[in-house]
Amino acid sequence: MMKRFLLLIVFLFIACEIPTDTNNNPLDIEEAQEDGIETPALVFFPDEINVNTGGTFTVSVFALDVENVAGAYINLDYDQNKLLLMAINPGTFFSDLQDPLYFTETENSGTIELYTIFLGADSTSVSGTGSFMSIVFSASAGGTSTLTYSTDSELVDPDDNPIEIKGFGDGVVNAQ
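Residues numbered from 1 in each chain as written. Predicted model: local features only at pLDDT ≥ 70, side-chain atom pairs only at ≥ 80, totals over all residues. Heavy atoms only, no water.

Between Thr39 and the following residue, Pro40, the backbone shows a cis peptide bond with an omega angle of 0°. Relative to the helices and strands, Pro40 resides in the loop between α2 (29-34) and β1 (41-45). Residue Pro46 is reached from Phe45 by a cis peptide bond, and omega for that bond is -5°. Along the polypeptide, Pro46 turns up in the loop between β1 and β2 (48-51). Positioned with a positive phi, Asp65 is a non-glycine residue whose angle comes to about 55°. On the secondary structure map, Asp65 appears in strand β3 (residues 56-69). One non-glycine residue, Asp160, lies in positive phi territory at about 65°. (Helix = DSSP H or I, 4+ residues; strand = E, 2+ residues; numbered from the N terminus.)

See below:
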């Protein structure tokens, strides 16, 4: 009986795998820092997208671990030869504030510019991690393309003082 018990224990021990961390979540501050992205940062979520050619997908523009933000100018580039811009929707980062201004500029030129600001009380701002916008693209051609932030992007506090953005995460789109 003892022999069977020991065999069962040995079998169970050998059969068990040690789990590995496969989350790959760009919104995890520790993981972003391990990937070389200092905070506060702008990142894409998800940061890697696999899609069939002709298929649509949504990617969100996130501020990661920011403090005292009352406004933003975000400039990002995409490959207009491989990705077709379908829609841009407001994010939820300023959703707790009443009536933030929000507008974008794009002409399917491969660049998107987002402007958003809250014009409330002087001390009103948001801190933490949150989405500024979500973007719907269609993969118009196969291959790999990237979504990249311009270093012209800017976050400001309620007094319109710039908040340094220390990290910029890229997005990768793999269309087949």
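The full count for this structure, using the stated rule, is 10 aromatic pairs. When the ring of Phe94 is compared with that of Phe132, the centres are 5.9 Å apart and the planes differ by 65°; the resulting orientation is edge-to-face. Here Phe94 is found in the loop between β5 (83-90) and β6 (101-105), whereas its partner Phe132 is found in strand β8 (residues 126-139), with 38 residues between them in sequence. Pair check on accessibility: Phe94 and Phe132 agree, each one buried. Here the aromatic rings of Phe103 and Tyr115 are separated by 4.9 Å at their centres, their planes lie at 15°, and the arrangement is stacked. Within this pair, whereas Phe103 is found in strand β6, its partner Tyr115 is found in strand β7 (residues 111-117), the two being separated by 12 residues in sequence. One aromatic cluster is present, formed by Phe44, Tyr149 and Phe168 through successive ring pairs. (Phe/Tyr/Trp six-rings, centres within 6.5 Å; stacked < 30°, edge-to-face > 60°. Buried < 20%, exposed > 50% of the residue type's maximum accessible area, 1.4 Å probe, protein only.)

Such coordinate-based values are descriptive only and should not be taken to indicate function.
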